[in-house]
Amino acid sequence: MTVPTPRPRVFINFASSLDGKINPAPGRRSGRFMMSRQREDLRRMFALRGTADAILIGASNLRVDDPDLAIPADEHAARRARSQPEPLRVVVTSSADGITPEMKIFDPERGGPSIVVHTARMPAEARARLAPVAELVELGAVTVEMNDLLAWLAGRGVRTLLCEGGGDLCAQLFGARAVDEIYLTLAPRILGGARAPSMVDGTGFAPDEIPNPRLASVEQVGDELFLRYEVSWPG
Ligand SMILES: NC(=O)c1ccc[n+]([C@@H]2O[C@H](COP(=O)([O-])OP(=O)(O)OC[C@H]3O[C@@H](n4cnc5c(N)ncnc54)[C@H](OP(=O)(O)O)[C@@H]3O)[C@@H](O)[C@H]2O)c1
């Protein structure tokens with residue numbers, strides 16, 4: 001009998017347009033872009049971050065948006081005062097191309113410990129560049145296998161993992177049958193663009209592999225919907 005590898009409970013959080021996009025098409029965006037135009041989405045994002053032991057993103061998300069993956073400043077200060085840990089901030093990359101120490105995810109004043117999970121392909125120059133600002137964890141030769149990543153995080157004491165994207169990383173988590181909950185903000189916007197990213201990209205699922213999440217709650221705030229889905233993986 002195969003013993004399943006322990007993994008954290010994984011939830012993902014996205015804001016999507018009505019046409020299922022999570023960012024304008026490549027070349028269509030200059031500067032900052034927020035899918036939601038309401039404070040409620042940010043409030044919920046912070047609340048979710050506060051429940052996570054670690055927050056995970058893909059390197060493209062980091063390169064495009066430079067998120068800090070922080071909890072609100074007052075909670076950050078309160079946790080520091082109580083010596084209470086903050087969520088680990090984790091980025092996964094093969095070679096860390098375009099990832100620089102100035103990025104907000106590495107700023108210790110903004111959030112918890114920073115971790116770069118990378119492959120053997122990461123060159124020495126990138127290791128030297130990022131070692132002063134992050135813990136470097138090598139997992140895999142060409143790509144980081146999701147099961148290895150999740151097992152490593154579990155071993156590090158992570159019981160709840162929030163993935164904030166992007167679509168490439170999320171596709172792999174679904175492919176590994178490792179998403180338990182989806183928080184989706186549906187914003188009444190139409191972004192268009194065949195190449196605009198969506199919540200789950202990758203190569204797609206065959207009909208017999210398609211995950212079928214269960215709608216657990218719907219809330220309307222203004223003209224946006226806040227949806228929560230639960231995913232179960234039978235068998
Ligand atoms: N609306 C929203 O809620 C929301 C949320 C998040 C993101 N976004 C958008 O999503 C877009 C980014 O998504 P994306 O699908 O393009 O990319 P992504 O999933 O953020 O990142 C893909 C990159 O992550 C690294 N990576 C992923 N899996 C890996 C593995 N198994 N092993 C090693 N490295 C791995 C690779 O980086 P390297 O190339 O460095 O190897 C890969 O190129 C951005 O446009 C962002 O604005 C929107």
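A short tour of the structure in this document, coming up. (Residues numbered from 1 in each chain as written. Predicted model: local features only at pLDDT ≥ 70, side-chain atom pairs only at ≥ 80, totals over all residues. Heavy atoms only, no water.)

**A short note on the site of the ligand**
For step 1, the next point in the chain: Around the ligand there are 27 residues in total, and Asn23, Asp65, Thr93, Ser94 and Gln172 lie nearest to it.
For step 2, the next point in the chain: At a separation of 2.6 Å, an oxygen atom of the ligand approaches a polar side-chain atom of Thr93.
For step 3, the next point in the chain: In the model, a nitrogen atom of the ligand is placed 2.7 Å from a nitrogen or oxygen of the Val144 main chain.
For step 4, the next point in the chain: When the free accessible area of the ligand is taken as 930 Å², the share hidden by the protein chains comes to 84%.
For step 5, the next point in the chain: Those elements giving two or more residues to the shell around the ligand turn out to be strand S1 (9–17), helix H2 (59–65) and helix H6 (167–175).
For step 6, the next point in the chain: For the shell around the ligand, the leading source of residues is H2, giving six residues.
For step 7, the next point in the chain: Looking at side-chain class alone, the shell around the ligand contains ten nonpolar, twelve polar and five charged residues. (Near = heavy atom within 4 Å. Polar contact = N/O pair within 3.5 Å; in protein donor to acceptor, adjacent residues only side chain to side chain. Areas by Shrake-Rupley, 256 points an atom, 1.4 Å probe, with all protein chains shown as cover. Helix = DSSP H or I, 4+ residues; strand = E, 2+ residues; numbered from the N terminus. Nonpolar A, V, L, I, M, F, W, Y, C, P; charged D, E, K, R; others polar.)

**Focus on unusual backbone geometry**
For step 1, the next point in the chain: At the junction of Gly165 and Gly166, the peptide bond is cis and its omega measures out at 5° in the coordinates.
For step 2, the next point in the chain: With respect to the helices and strands, Gly166 occurs in the loop between strand S6 (160–163) and H6.
For step 3, the next point in the chain: Even without a glycine there, the phi angle at Leu69 is positive, about 55°.
For step 4, the next point in the chain: Along the chain, Leu69 falls in the loop between H2 and helix H3 (73–81).
For step 5, the next point in the chain: In this structure, Arg177 takes a positive phi of about 55° despite not being glycine.
For step 6, the next point in the chain: By the secondary structure assignment, Arg177 is in the loop between H6 and strand S7 (181–187).

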